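One-letter residues, chain by chain:
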Amino acid sequence: MGIKKKFLKLLQSRRVHARIKRKNKKNRALRFCSFTALVISLGCPVCILLSILVNSYSALTVTKVLLPIEISADLTLTNNPSDLRYKSIGLLNDSLRKVFKGTDFKDSDEILSRNSYKELERFFLKRVKNSGEYEIWFTASSVINSLYKNKCLNDHYAKLLDWLKEKGRVRKFFNKSLFLKSDSREPENAGILGAFIGSLMTIIVCLALALPIGIMSGICLYEFMPRNRLITSIVEISMNNLAAVPSIIFGVVGLTLYLGIFGLPRSSPFVGGMTLSFMMLPNIIIATKNAFTNVPIAIKDAAFALGAPHIKVILDHSLPIALPRIIHGALRSIARMLGESSRS
């Protein structure tokens with residue numbers, strides 16, 4: 001009898017051990033799957049960011065060509081802008097012929113940017129006091145710039161670029177124009193300054209209109225409108241539906257209202273900000289209402305018990321507690337607004 005009990009206990013302990021082993025195996029599998037999902041979720045944005053940085057790194061540099069410019073005394077005395085431009089272009093062409101002497105260079109070849117004469121004019125106005133020969137770096141054309149960065153292939157320009165490399169007259173520089181200039185027909189002179197300022201002004205106008213109206217509307221919807229009434233339900237359903245409306249609908253409304261009826265100027269940050277504020281308002285109203293819903297009722301009851309008026313309870317007690325959720329909703333709205341403005 002004692003041997004049978006011991007055998008049953010041993011068998012039971014082995015079954016328990018087997019169950020624990022299976023449980024630990026499942027836990028390890030679940031831990032591995034969770035860790036793999038976390039790595040994938042973090043790795044995908046990192047890979048996208050790295051690909052963007054790798055592909056856009058070349059935009060931070062610009063290729064420049066060193067040319068000898070012979071400046072005469074009469075050129076330093078030129079005051080007429082048209083004459084200065086004509087003489088600057090002539091000096092650049094003469095310098096290119098001198099540098100590429102002995103090659104198959106043609107006057108029609110685009111070695112320098114079309115705005116290089118402006119760089120020479122600025123050099124005249126700022127640094128030139130005496131006549132003589134000066135060595136000046138000029139921005140290369142988009143063809144030379146692409147060849148130097150191994151972005152395209154062109155046998156003729158490749159030979160000219162090799163000639164410049166042998167003479168030590170071509171080099172990469174940090175592209176200041178990318179941050180200090182706006183859009184341009186010439187790729188080597190294009191920058192993001194205009195788009196950045198326009199987006200910033202659009203955000204300021206949108207926030208100035210949408211934040212006060214949205215927060216006050218959300219407070220009114222939760223604190224002052226009667227609950228469980230038909231009008232309140234209609235307003236809440238309308239806000240939820242407007243938050244899901246595609247951005248193209250708001251664009252059509254802005255086009256019809258601001259440009260068609262009021263005749264406001266096209267491509268204006270003010271018009272864009274007002275149009276995007278329509279899209280931002282429902283999200284802020286919903287975020288404000290939900291934020292006030294999560295305020296503990298005990299805090300409001302305590303304030304009312306001490307004799308505080310309703311407006312004081314809202315401003316001094318409910319609003320500070322709900323503010324983090326309101327800011328979170330506003331940031332989400334701003335992110336959507338930036339995405340829509342970048343696509344438009």
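Residues numbered from 1 in each chain as written. Predicted model: local features only at pLDDT ≥ 70, side-chain atom pairs only at ≥ 80, totals over all residues. Heavy atoms only, no water.

(A) Inspection of the overall build of the chain at higher detail. Of regular secondary structure, the chain possesses 13 helices and three strands. Taking 2.2 N^0.38 as the reference for a compact globule, 344 residues should give roughly 20 Å; the C-alpha atoms of the chain span a radius of gyration of 34 Å, well beyond that estimate. Overall, the chain is about 110 × 80 × 35 Å in size when its C-alpha atoms are taken along their principal axes. Taking the intrachain contacts of the chain between residues at least 6 apart in sequence as the baseline, contacts between residues at least 24 apart amount to 71%. If you sum the accessible surface of the chain, you get close to 22700 Å²; carbon and sulfur atoms cover 63% of it. Between the centroid of the 48 positive side chains of the chain and the centroid of its 23 negative side chains there is a distance of 26 Å. (Helix = DSSP H or I, 4+ residues; strand = E, 2+ residues; numbered from the N terminus. Rg over C-alpha atoms; globule rule 2.2 N^0.38 Å. Contact = heavy atoms within 4.5 Å. Areas by Shrake-Rupley, 256 points an atom, 1.4 Å probe, with all protein chains shown as cover. Lys, Arg positive; Asp, Glu negative; His and termini not counted. Charge placed at Lys NZ, Arg CZ, Asp CG, Glu CD.)

(B) Examining the packing of helix 10 (residues 247–261) against helix 11 (residues 269–293) more closely. Viewed as axis vectors pointing N to C, helix 10 and helix 11 meet at an angle of 135°, and their least axial separation amounts to 9 Å. When the axis of helix 10 is compared with that of helix 11, the two are oblique. Crossing angle aside, the handedness with which helix 10 passes helix 11 is right-handed. In this structure, helix 10 contributes Ser247, Phe250, Gly251, Val253, Gly254, Leu257, Tyr258 and Leu259 to the contact, and helix 11 contributes Val271, Met274, Thr275, Phe278 and Met279. Per-class residue counts for the contact of helix 10 with helix 11 are nine nonpolar, four polar and no charged. (Axes fitted to C-alpha atoms, helices over the stretch in contact; angles between N-to-C directions. Parallel < 35°, antiparallel > 145°, perpendicular 65-115°, else oblique. Left-handed = near helix turned anticlockwise from the far one by under 90°. Nonpolar A, V, L, I, M, F, W, Y, C, P; charged D, E, K, R; others polar.)

(C) The nonpolar core, seen in detail. Core analysis: the largest hydrophobic core is formed by 27 residues, its most contacted members being Leu67, Ile69 and Ile111. Only strand 1 (61–71), helix 3 (81–99), helix 4 (116–126), strand 2 (132–139), helix 5 (142–148) and helix 6 (155–167) provide two or more residues apiece to this core. Broken down by element, this core gets its largest block of residues, five residues, from helix 3. In this structure isoleucine 69 touches Leu91, Leu92, Ser95, Leu120, Gly132, Glu133, Tyr134, Ile136 and Phe138, once residues within four positions along its chain are discounted. Within the second largest apolar cluster, 12 residues are counted, among which are Val245, Phe250, Met279 and Met280. (Core = buried A, V, L, I, M, F, W, Y, C linked by side-chain atoms within 4.5 Å. Buried < 20%, exposed > 50% of the residue type's maximum accessible area, 1.4 Å probe, protein only.)

(D) Main features of the sheet that holds strand 3 (residues 170–174). Read across the sheet, three strands follow the order 2-1-3 without closing on themselves; strand pairing throughout is antiparallel. The outermost strands of the open sheet, each flanked by one partner alone, are strand 2 and strand 3. In this sheet, neighbouring strand axes are inclined to one another by 40° on average, regardless of whether the strands run parallel or antiparallel. Here strand 1 runs beside strand 3; their pairing, made up of five bridges, is antiparallel. Bridge assignment links threonine 61 to a residue of strand 3, and that residue is phenylalanine 174. Contacts from helix 4 reach strand 1 and strand 2, with the element oriented near 135° to strand 2. (Pairing = 2+ DSSP bridges.)

(E) Helix 10, seen in detail. Here helix 10 is 15 residues long and its end C-alpha atoms lie 20 Å apart, about the 21 Å a rise of 1.5 Å per residue gives. Looking only at helix 10, the buried set comprises Phe250, Gly254 and Tyr258. Summarising the contacts, the buried residues of helix 10 are in contact with helix 9 (230–243) and helix 11. Just downstream of helix 10 lies glycine 263, where phi reads positive at about 70°. (Expected span 1.5 Å × (residues − 1).)

(F) A look at the layout of surface pockets. Of the pockets and cavities examined, the second largest pocket occupies roughly 590 Å³. Listing elements by their share of the lining of the second largest pocket, those giving two or more residues are strand 1, helix 4, strand 2, strand 3 and helix 7 (177–180). (1 Å grid on protein atoms, 1.4 Å probe; cavity = no way out; pocket = protein on both sides within 12 Å on 5 of 7 lines; lining within 4 Å. Points joined across faces, edges and corners; volume = space filled by probe spheres on them.)

(G) Spatial organisation of the packing of aromatic side chains. Summed over all chains, the structure comprises five aromatic pairs. Relative to tyrosine 134, the ring of phenylalanine 123 lies with its centre 5.6 Å away and its plane at 75°, an arrangement referred to as edge-to-face. One end of the pair, phenylalanine 123, is in helix 4; the other, tyrosine 134, is in strand 2, with 11 residues separating them in the sequence. By relative accessible area, which is 24% here, tyrosine 134 ends up partly exposed. For the pair tryptophan 137 and phenylalanine 173, a centre-to-centre distance of 5.1 Å together with 65° between the ring planes defines the contact as edge-to-face. Taken as a pair, tryptophan 137 in strand 2 and phenylalanine 173 in strand 3 lie far apart in primary sequence, 36 residues in all. What makes phenylalanine 173 partly exposed here is its relative accessible area of 22%. Its end group placed over the ring of phenylalanine 173, lysine 64 keeps NZ or CZ at 5.4 Å from the ring centre. (Phe/Tyr/Trp six-rings, centres within 6.5 Å; stacked < 30°, edge-to-face > 60°. Lys NZ or Arg CZ within 6 Å of the ring centre and 35° of its normal.)

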